[in-house]
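# Architecture and fold: a report
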Amino acid sequence: NQRAKMSSSSFSSCASCFLQNHQGGVGGRCSRRISRLSRPSSSSPRRQRRVLFLRACAAQRTSGNDDDLDEDEDATKTKQQHQRNEKKPKKNIAVFISGGGSNMRAVHAACETGEIHGQISLVVTSSYTAGGVEWAMDRDVPVLLYPGGKDLEESERISPSELNEFLKNEYKIDVVLLAGYLRLIPPELCRTFENKMLNIHPALLPAFGGRGMHGAKVHEAVVNSGARFTGPTVHFVNENFDEGKIVAQRIIRIDPSWTAEEVARRVLKEEHEVFPEVVAALCDERIEFRETDGVGVIIDKMDSNKRY
Ligand code: GRF
């Protein structure tokens, strides 16, 4: 197919394609990645989901009483949003990971239910051993290694501009998600995906962020500071760690007896809700930018007059 052709002609030696490296075939044609570009049709499961959704609405209508009115209204609005989306192509999402990828899986689950009008089309990893890599491979999602470890020859690496090309032109990526990706994003990617690239951070920015603040370190710093509130922040990405404009936060009250591990567990649970919610808004084009400073503001899915 066309994308496969582009792939083989523009990037004949794609040593940083993880799938190929994994098979020990550095430097040749990445046949596995090319074959992975032809995806099975997803129309049947989608149709099934729609049938289930309509059935759920019908059941609600027949059993409905006054208490159910609000829920009926919500269901109708959700249905209207789904109908609006069905006319538009799904957004292609690239997810950057360095670890387990639980946020990526939460986003994928929301794509599957239709909450997010998008699909994960590419995974970029900074490490061969990131837990999410295997998950992606099992689902036929192409995986790229960027920037790659010290074991990679310079000639085997993807350059920032090649990465940019891959995302923009080969995979036609609309939305980029950093879900536990520990490396700095090249400036040209920040420019290409300005206001289309989100990061999730496990604390309330602008506190407890910046270079080196990731994983357990964040939660330890929060607990040691005596802060009584924490929670995830979703923000747009710029050239500096954790400094882009904030779009959403969730608040958790910290009990003084909690350990950093307990805090981490609770924050991650919130992350799995707030990240898909913001990604859904971005894919639906329901994010506006405050005129004065560019802060991202979400337009409510149920009520287009409401902002938060
Ligand atoms: C999350 O806590 C996220 O906030 C941070 O990295 C962690 C990634 O976790 N940026 P996972 O890989 O999604 O499980």
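Everything quoted here is computed from the prediction, not taken from an experiment.

This part takes up the overall build of the chain. Secondary structure summary: the chain contains 11 helices and 11 strands in total. Burial status across the chain gives 43% buried among its 308 residues. Once local pairs closer than 6 in sequence are excluded, the contacts in the chain between residues at least 24 apart make up 65%. When the accessible surface of the chain is summed, it comes to about 15,900 Å², and 48% of that surface belongs to carbon and sulfur atoms.

Once that is clear, we can look at the packing of helix H10 (residues 216-225) against helix H11 (residues 260-283). Any two packed helices are characterised by how steeply their axes cross, that is the angle between the axes, and by the distance between the axes. Where H10 meets H11, the closest approach of the two axes is 9 Å, and the angle between their N-to-C directions is 115°. You can see that H10 and H11 cross each other, and the crossing is right-handed. Each of His219, Glu220 and Val223 in H10 lies in contact with H11, whose residues at this interface are Ala260, Val263, Ala264 and Val267. For the contact of H10 with H11, the per-class residue count stands at 5 nonpolar, 1 polar and 1 charged.

Before going further, it helps to examine the nonpolar core. Ranked by size, the top nonpolar core spans 36 residues in total, and within it Ile93, Ile116, Leu177, Leu198, Phe275, Val278 and Val279 carry the most contacts. If one sorts the elements of this core by residue count, H11 sits on top with 8 residues. With sequence-adjacent residues up to four places away left out, Ile116 is seen in contact with Ile93, Val107, Ala110, Cys111, Pro276, Val279, Ala280 and Cys283.

Further remarks concern unusual backbone geometry. The peptide bond linking Tyr146 to Pro147 adopts the cis configuration, its omega dihedral lying at 0°. Here Pro147 is to be found in the loop between strand E3 (143-145) and helix H8 (160-170). In this chain, Leu205 is followed by Pro206 through a cis amide linkage whose omega measures 10°. Looking at the element boundaries, Pro206 is found in the loop between strand E5 (197-201) and H10. Its identity is not glycine, yet Glu285 carries a phi of approximately 60°, on the positive side. Structurally, Glu285 is set in the loop between H11 and strand E10 (287-289). Of the residues examined, Glu285 reaches a relative accessible area of 49% and is grouped as partly exposed.

Summarising the element assignment, Glu271 is placed in helix H11. For the buried Glu271, no salt bridge exists, and the shortest N-O distance to an oppositely charged side chain is 11 Å, to Arg105. Glu271 has contacts with Asn103, Ile200, Pro202, Pro232 and Pro276, leaving out every residue within four places of it along the chain.

Looking now at the packing of aromatic side chains. Tallying each qualifying case throughout the model produces 3 aromatic pairs. Relative to Tyr181, the ring of Phe96 has its centre 5.1 Å away and its plane inclined at 85°; by these criteria the two rings are edge-to-face. Of this pair, Phe96 sits in strand E1 (residues 91-97) while Tyr181 sits in the loop between strand E4 (175-178) and helix H9 (187-192); the two residues are 85 residues apart in sequence, bridging distant segments of the chain. Judged on exposure class, the residue Phe96 and its partner Tyr181 are both buried. Consider the rings of Phe236 and Phe289, whose centres lie 5.4 Å apart with planes at 50°: the pair is tilted. Pair noted here: Phe236 is in strand E7 (residues 233-236) and Phe289 is in strand E10, with a separation of 53 residues, a long-range link. Note on Phe236: relative accessible area 3%, which makes it buried. When its relative accessible area of 33% is taken as the criterion, Phe289 is described as partly exposed.

Attention shifts here to the pattern of salt bridges. Applying the stated criterion across every chain, the model contains 11 salt bridges. Among the ionic pairs, Glu270 bridges to Arg250, the shortest N-O distance being 3.2 Å. Highlighted residues: Glu270 in helix H11 and Arg250 in the loop between strand E8 (246-249) and strand E9 (252-253), separated in sequence by 20 residues. In this structure Glu270 comes out as partly exposed when scored by relative accessible area, which is 23%. Among the salt bridges present, the one from Glu262 reaches Arg265, with a minimum N-O distance of 3.0 Å. Of the two residues, Glu262 and Arg265 both sit in helix H11, 3 residues apart, roughly one turn of that helix. With a relative accessible area of 48%, Arg265 lands in the partly exposed category. Here the salt bridges share partners, and the residues they tie into one network are Arg250, Glu270, Glu273 and Glu277.

What counts as what
- Residues numbered from 1 in each chain as written.
- Predicted model: local features only at pLDDT ≥ 70, side-chain atom pairs only at ≥ 80, totals over all residues.
- Heavy atoms only, no water.
- Helix = DSSP H or I, 4+ residues; strand = E, 2+ residues; numbered from the N terminus.
- Buried < 20%, exposed > 50% of the residue type's maximum accessible area, 1.4 Å probe, protein only.
- Contact = heavy atoms within 4.5 Å.
- Areas by Shrake-Rupley, 256 points an atom, 1.4 Å probe, with all protein chains shown as cover.
- Axes fitted to C-alpha atoms, helices over the stretch in contact; angles between N-to-C directions.
- Left-handed = near helix turned anticlockwise from the far one by under 90°.
- Nonpolar A, V, L, I, M, F, W, Y, C, P; charged D, E, K, R; others polar.
- Core = buried A, V, L, I, M, F, W, Y, C linked by side-chain atoms within 4.5 Å.
- Lys, Arg positive; Asp, Glu negative; His and termini not counted.
- Salt bridge = Lys/Arg side-chain N within 4 Å of Asp/Glu carboxyl O.
- Phe/Tyr/Trp six-rings, centres within 6.5 Å; stacked < 30°, edge-to-face > 60°.

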